[in-house]
Amino acid sequence: MERKPGRRLATWAIVLLLAGAVTVAGVFGGFLMRYGVADFPAGAMSVHGSGDLVFYRKSGADPRRGDVVVFRTPTWEPEGQPTRYMLRVVAVGGDSIAWAPGDAAPALNGRPLAEPYLNGADPAPDKVRFSVAVPEGRVYLMGDNRGNSADSRYHQDTADGTVAVADVMGVVVDADRPVFVVVPLVVTSGLMALVAGTGLGIAALVARRRAALRRRPWPVTGAVGPVEGPRA
């Protein structure tokens, strides 16, 4: 049985295209369902430099004290402009948190709040007084860079500055996690498979076209008629 020209190339093209599509759609799609990415200027969270990309894990679980979260809340947005914020959770539902001039640190449930992430910086350089009993389903948020953070302390006119847990988009995670190295490599390999599959598919079509041209009979030009013999 005669094998069709380009058949092997076409088979490999289909295999690579399917593998590439499944890899890119499956791995990258799954990554986007679990993680988000945001670009924040340096400011309230000085641990991140200006223009740093921040990865956050999308989760239905309530954030915990100490988590750095990405959130959106309509009551904080300037003139209704959609804005994402990144701050640290310092109190959750059921907690009470307070600070008054003269306090060495904010008091969480009557005890000084331990904040090692401040690295010894003044926990209240702007001297904004607050005392809040955080309702269930809400969190109280503050920036690590307290002198440059328009956080819950500056929104006490709405729900005492607390933010609904439902407004939290996710918890910021360490960008050095292996997943953030492995996923780009896998997606890149999938894209390369798509490119290679496309190239092999084109090569298979060219091979079939050339074979078809070789089998086609060439036209004969000129008229060929009966040849008469010499007259007697």
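Residues numbered from 1 in each chain as written. Predicted model: local features only at pLDDT ≥ 70, side-chain atom pairs only at ≥ 80, totals over all residues. Heavy atoms only, no water.

1. With respect to the overall build of the chain
Looking only at helices and strands, one finds two helices and eleven strands in the chain. Reading the chain from its N end, one meets helices and strands in the order α-β-β-β-β-β-β-β-β-β-β-β-α. Expressed as a percentage of its 232 residues, the buried residues of the chain come to 34%. Considering only intrachain contacts with a sequence separation of at least 6, the fraction spanning at least 24 residues in the chain is 65%. Accessible surface, the chain: about 14600 Å² in total, of which carbon and sulfur atoms supply 59%. (Helix = DSSP H or I, 4+ residues; strand = E, 2+ residues; numbered from the N terminus. Buried < 20%, exposed > 50% of the residue type's maximum accessible area, 1.4 Å probe, protein only. Contact = heavy atoms within 4.5 Å. Areas by Shrake-Rupley, 256 points an atom, 1.4 Å probe, with all protein chains shown as cover.)

2. So, the pairing of strand S5 (residues 96–99)
Across the two faces of S5 the burial differs, with Ile 97 and Trp 99 buried and Ser 96 and Ala 98 not buried at all. Pairing geometry for S5 and strand S8 (residues 130–133), over four bridges, is antiparallel. Among the inter-strand pairings, Ala 98 is bridged to a residue of S8, identified as Ser 131. Here two bridges tie S5 to strand S6 (residues 107–108), and the two strands are oriented antiparallel to one another. Bridge pairing links Ile 97 to Leu 108 in S6. (Pairing = 2+ DSSP bridges.)

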